[in-house]
Amino acid sequence: MNCYYMEEELNKYFSNLLSEEDKQMLFTELDKDKVWQKEFMDELNVSSVIRMQEKAGDIFYAQRKFKQFRLKTKKIYVRKVSLQIVRYVAVIMLAIGSLALYQYYNGAESPQVEYADFEVPAGQRAQLILPDGTAIWLNAGTKLSYPSDFSAKNRRIYLEGEGYFEVESDEKNPFTVHTSLMEVRVLGTKFNVKSYKDEASFVTLIKGRVEITSQNATNKVTLNPSEQAFISEAGDITLSTKNGIEKINAWMSGELFYLNEPLKNIVKDLERRFNVRILIKDKELENDLFTSHLDEKTTIEQVLKRLKATRGLDYTIKGDQIELLNIKK
Amino acid sequence: MKHITLENKTDFEQLYLCYYPKLVRFTREYVISVEDAENIVQDVFLVLWEQKDSLMYVQDVPSFLFRLTKNKCVDFLRHKIMSAEKNQCLRDTQIREYEYRLRSMEQFEDNRFEEEEVSKLIHNAIQSLPEKCKEIFLLSRFEGMSHQEIARKYNISQSTVNNQISVAMKKLKEQLRKYLSDNIF
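Keep in mind it's a predicted model, so treat the numbers as computed, not measured.

Asks: What should I look at first to understand the overall build of chain A in this one?
Replies: On a plain count of helices and strands, chain A comes out with six helices and 18 strands. Within chain A, buried positions represent 49% of all 329 residues. Once local pairs closer than 6 in sequence are excluded, the contacts in chain A between residues at least 24 apart make up 49%.

As C-alpha cells, this is what we get:
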C-alpha cells in the first residue's frame with residue numbers, strides 16, 4: 001500500500017469520513033506496518049491534546065455537571081462520616097457506662113445533675129446501647145440528652161427528633177423518654193418516637209406497653225401494640241391503629257417507606273436523610289400524597305428522578321437547595 | 001492554575017469547572033462515546049474528592065488529574081475490549097478500533113505533561129501555519145465543522161481540505177514530539 005493512500009486514509013479516519021469497510025481495510029493495513037501504527041497513535045494523541053484547549057461555553061457545561069457531581073459526593077461523604085459516628089458512640093457509651101457503674105457501686109448521689117448532649121447530624125444515623133441494656137437507634141437530625149447520673153435506677157432521657165427504643169424490662173424502674181410535648185413512660189418494650197421540632201409528633205408501639213403523658217399533664221393514654229399516638233402542640237393525644245407497623249423502624253436500616261404520605265412530610269425526612277435543603281416551590285404540592293420506598297442505596301438524585309418520572313413534578317437544583325415544582329404544561 | 005491546593009471547597013470547584021470539559025473532550029478521543037467519557041471524568045473527580053485531604057501537598061494537581069484520567073481510561077478500554085471479546089457484542093472492526101485507541105493512550109507520555117507548555121506549543125504551531133491552512137484547521141478541529149462544510153465555505157474540493165488539515169497536523173506533531181513516545185519498536 002502506498003504512502004499517499006495511508007496518509008489520506010488516516011486523515012479521513014480522524015475526520016470521521018470512513019465507512020465501516022474502509023475502516024476495516026485501514027486496520028488491516030495498520031496491522032502490517034509499525035511505522036503507520038505509530039503515525040496513527042501520534043495523530044490521535046495530538047488530536048486529543050488539541051481538544052483539551054479551552055472552548056467557549058465550557059463553563060456552563062461544567063457548572064451543570066458540577067451540580068450532579070455535588071449530589072454524588074454528598075452520598076459518599078455521608079457514608080464515610082456515619083462510620084465515624086458509630087465509633088464515637090461507642091466511646092461515649094463506655095464513658096457513661098463506667099460513670100454509671102461507679103455511681104452504682106458507690107451509692108453516691110451526684111450533687112448536681114448535668115446533662116450531656118448527643119447530636120446526630122443530617123445524613124447520618126447512630127445506635128447506642130445504654131448502661132441498662134436499652135438499645136436506641138437515632139435517626140438523622142436528632143438530639144438526645146441524658147443526665148450524668150443515668151443508671152439502671154434512673155432511666156430517663158430527653159429526645160428531639162426520632163428514635164426507636166428497645167427497652168430492657170424493669171418494673172421497679174421505669175424508663176422515661178421526654179420530648180417537648182410529652183413524657184413516655186415504659187416498662188419493657190419496643191417503640192418508636194418521632195418528635196422533631198415544628199413537626200407532627202408520633203409514638204408508635206410495636207411490643208409491650210407505654211404510657212404517654214402530654215407535657216402539661218392534661219392528657220394521659222396507654223398505648224397497645226400496633227397503636228400510634230399523635231400528640232398535638234396543644235397536648236391533645238389522638239390514637240389510631242397503624243397498618244404496616246413493622247415498617248415503622250425501617251429507617252434504622254436506611255430505608256424509607258411511605259404509604260400515601262403528604263409530600264411536605266416526605267421532604268422533611270429527605271432533607272435529614274441526605275443533608276440537603278428542599279423547597280416546595282408550588283405550595284399546592286405540599287399535601288399531595290405519595291407512596292414510595294427508598295432503600296439504603298437510593299441516592300437523592302434517584303429519588304428526584306423517580307418523583308419526576310411518576311408524578312407531575314419537576315425539580316431544579318440551585319446550589320445547595322433543591323426546588324420542587326409543578327411540571328410546566 | 002499552576003499551584004492549586006485543595007484546602008477549601010472553592011479550590012476544588014474551580015479545579016472542576018476548569019478541567020472537567022477539557023478532560024471529557026480529551027477522554028472522548030479514546031473512548032469514542034461522549035457518555036463514557038463523561039462518566040470516566042466524573043469518576044476521576046470523585047477519586048480526587050475522596051483524597052482531597054491528602055492531596056493538599058501535591059504540587060501540581062492538574063498533572064495529577066491528568067494521570068488519573070489516563071489510568072481510568074486505560075482501565076475502561078481494557079475492560080471494554082475484554083468483555084466485548086467474551087460476549088461478542090461488538091463488531092470486529094469496533095474492537096480493533098478500541099484496541100488501537102487503547103494502544104495510543106498507553107503510548108501517551110504523561111510524566112512530563114505540562115499544561116501551559118502544551119498550550120503554548122499548540123498556539124505556536126497554529127500561528128506558524130499559512131493563513132488559509134490555519135483557518136481550515138481551526139474550523140475543523142476547534143469549531144467541529146465537517147470537511148464538506150469547510151469545502152463549501154471556501155469553494156474548494158474536499159481533498160484540498162483534507163490536505164490542508166494534514167499539513168497542519170504534521171506541524172503540530174513536530175511541535176508536540178516530546179509527548180509522543182518514540183520507543184514503540
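The rest of the description comes next.
Asks: Any chance you could explain the pattern of salt bridges here in plain terms?
Replies: When the charged atoms of two side chains lie near each other, side chains of opposite charge can form a pair. Scanning all chains against the criterion turns up 26 salt bridges over all chains. K32 of chain A is the salt-bridge partner of E29 of chain A, the closest N and O atoms lying 3.2 Å from each other. Pair noted here: E29 of chain A and K32 of chain A are both in helix α2 (residues 20–32), with a separation of three residues, about one helical turn. The closest approach of N and O atoms between R96 of chain B and D92 of chain B, which form a salt bridge, is 3.8 Å. With a gap of four residues between them, R96 of chain B and D92 of chain B both fall in helix α4 (residues 92–107), about one helical turn apart. R96 of chain B gets classed as buried once you look at its relative accessible area, which sits at 14%. What makes D92 of chain B partly exposed here is its relative accessible area of 45%. Through salt bridges with shared partners, a single network forms among K194, E199, D269 and R272 of chain A.

Asks: Would you explain the interface of chain B and chain A in this entry?
Replies: By a widespread convention, an interface's size corresponds to the accessible area lost as its parts come together. On the side of chain A, 50 residues touch chain B, which itself brings 54 residues to the contact. The tally of links from chain B across to chain A stands at nine salt bridges. A salt bridge links E7 of chain A to K170 of chain B; the nearest nitrogen and oxygen atoms lie 3.0 Å apart. Our count for the chain B to chain A interface comes out at 27 residue pairs in polar contact (both at pLDDT 80 or more). Within the residue set of the side of chain B that touches chain A, elements represented by two or more residues are α1 (9–31), α2 (34–50), α4, α5 (115–127), α6 (131–141) and α8 (158–175) of chain B. Top element by residues in the side of chain B that touches chain A is α1 of chain B. It accounts for 13 residues. Of the residues that constitute the side of chain B that touches chain A, the class distribution is 28 nonpolar, 10 polar and 16 charged.

Asks: Explanation requested: the nonpolar core in the structure shown.
Replies: For soluble globular proteins, the rule of thumb is that nonpolar side chains tend to be buried together. Among the nonpolar cores identified, the biggest contains 79 residues, and F40 of chain A together with F45 and F137 of chain B are the most heavily contacted of them. The leading source of residues in this core is α1 of chain B, at 11 residues. Discounting residues that sit within four places of it in the chain, F45 of chain B has contacts with F69 of chain A together with F12, L15, Y16, Y19, Y20, L23 and L65 of chain B. Counting residues in each nonpolar core, the second largest holds 31 residues, with V120, F150, V203 and I237 of chain A among its members.

Asks: Help me understand unusual backbone geometry in this model?
Replies: Among all residues save glycine, negative phi is the norm, and among peptide bonds the norm is trans. Phi at S226 of chain A is positive, roughly 75 degrees, even though this residue is not glycine. Its place among the elements puts S226 of chain A in the loop between β11 (220–223) and β12 (227–231). Located in the positive-phi region is N155 of chain B, a residue other than glycine, with phi close to 60 degrees. For N155 of chain B, the location among the structural elements is in the loop between α7 (147–154) and α8.

Asks: Explain α4 of chain B to me, please; I cannot follow it from the model alone.
Replies: Three- or four-residue spacings in an α-helix give side chains the same orientation, since the helix completes a turn every 3.6 residues. The first and last C-alpha atoms of α4 of chain B sit 23 Å apart over 16 residues, in line with the 22 Å expected at 1.5 Å per residue. Listed as buried for α4 of chain B are T93, I95, R96, E97, Y98, Y100, R101, L102, S104 and M105 of chain B.

Asks: What is the right way to read the environment of E39 of chain A from this model?
Replies: Looking at the secondary structure, you find E39 of chain A in helix α3 (residues 34–51). For E39 of chain A, a relative accessible area of 26% gives the class partly exposed. Note: C-alpha distance between E39 of chain A and L10 of chain A (29 residues apart in sequence) is 8.6 Å. The residues contacting E39 of chain A, other than those within four sequence positions of it, are L10 of chain A together with K173 of chain B.

Asks: Just to check I follow, could you spell out a negative patch on the surface for this structure?
Replies: Residue and element names in this part refer to chain A. On the surface, D117, E119, E160, D198 and E233 cluster together into a patch of negative charge. Mapped onto the secondary structure, D117 falls in strand β1 (residues 115–120). The class for D117 is exposed, based on a relative accessible area of 54%.

Asks: Where do I start with the packing of α3 of chain A against α4 of chain B in this structure?
Replies: Angle between the axes and distance between the axes: these two values describe a pair of packed helices. Between α3 of chain A and α4 of chain B, the least distance of the axes is 9 Å, while the angle of their chain directions is 70 degrees. Between α3 of chain A and α4 of chain B, the crossing angle belongs to the class labelled roughly perpendicular. On the side of α3 of chain A, the interface is formed by Q37, F40, M41, L44 and N45 of chain A, while α4 of chain B contributes Y100, R101, R103, S104, M105 and Q107 of chain B. Here the residues of the contact of α3 of chain A with α4 of chain B are counted per class, giving five nonpolar, four polar and two charged.

Asks: What's the story with the side chain of Q228 of chain A in this structure? I'm lost.
Replies: All names here are of chain A. Structurally, Q228 is set in strand β12. At a separation of 2.9 Å, a polar atom in the side chain of Q228 contacts the side chain of T204. Beyond its immediate sequence surroundings of up to four residues, Q228 is in contact with F202, V203, T204, L223, T238, L239, S240, K242 and I248.

Asks: Just checking my understanding: could you explain the packing of helix α1 (residues 3–14) of chain A against α3 of chain A for this structure?
Replies: All names here are of chain A. With their axes 11 Å apart at the nearest point, α1 and α3 run at an angle of 30 degrees to one another. Classified by the angle between their axes, α1 and α3 sit roughly parallel to one another. α3 is crossed by α1, and the crossing has right-handed handedness. Each of C3, M6, E7, L10, Y13 and F14 in α1 lies in contact with α3, whose residues at this interface are W36, E39, F40, E43 and L44.

Asks: How should the confidence of the model for chain A be read in this particular structure?
Replies: Low pLDDT marks regions whose predicted coordinates should not be analysed in detail. Residues and elements named next belong to chain A. Averaged over every residue, the pLDDT of chain A is 79; residues scoring 70 or more account for 86%. Element-level pLDDT for chain A is lowest in helix α4 (residues 58–106), with a mean of 59, against a maximum mean of 91 in strand β6 (residues 175–178). Confidence drops under pLDDT 50 across residues 97–111; counting only partners more than four residues distant or on other chains, this segment forms 11 contacts.

Calculation criteria
Residues numbered from 1 in each chain as written. Chains lettered and ligands numbered in written order. Predicted model: local features only at pLDDT ≥ 70, side-chain atom pairs only at ≥ 80, totals over all residues. Heavy atoms only, no water. Helix = DSSP H or I, 4+ residues; strand = E, 2+ residues; numbered from the N terminus. Buried < 20%, exposed > 50% of the residue type's maximum accessible area, 1.4 Å probe, protein only. Contact = heavy atoms within 4.5 Å. Salt bridge = Lys/Arg side-chain N within 4 Å of Asp/Glu carboxyl O. Polar contact = N/O pair within 3.5 Å; in protein donor to acceptor, adjacent residues only side chain to side chain. Nonpolar A, V, L, I, M, F, W, Y, C, P; charged D, E, K, R; others polar. Core = buried A, V, L, I, M, F, W, Y, C linked by side-chain atoms within 4.5 Å. Expected span 1.5 Å × (residues − 1). Patch = residues over 30% accessible without salt bridge, like charges linked within 9 Å, V, L, I, M, F, W, Y side chains within 5 Å. Areas by Shrake-Rupley, 256 points an atom, 1.4 Å probe, with all protein chains shown as cover. Lys, Arg positive; Asp, Glu negative; His and termini not counted. Charge placed at Lys NZ, Arg CZ, Asp CG, Glu CD. Axes fitted to C-alpha atoms, helices over the stretch in contact; angles between N-to-C directions. Parallel < 35°, antiparallel > 145°, perpendicular 65-115°, else oblique. Left-handed = near helix turned anticlockwise from the far one by under 90°. pLDDT = per-residue confidence, 0-100.

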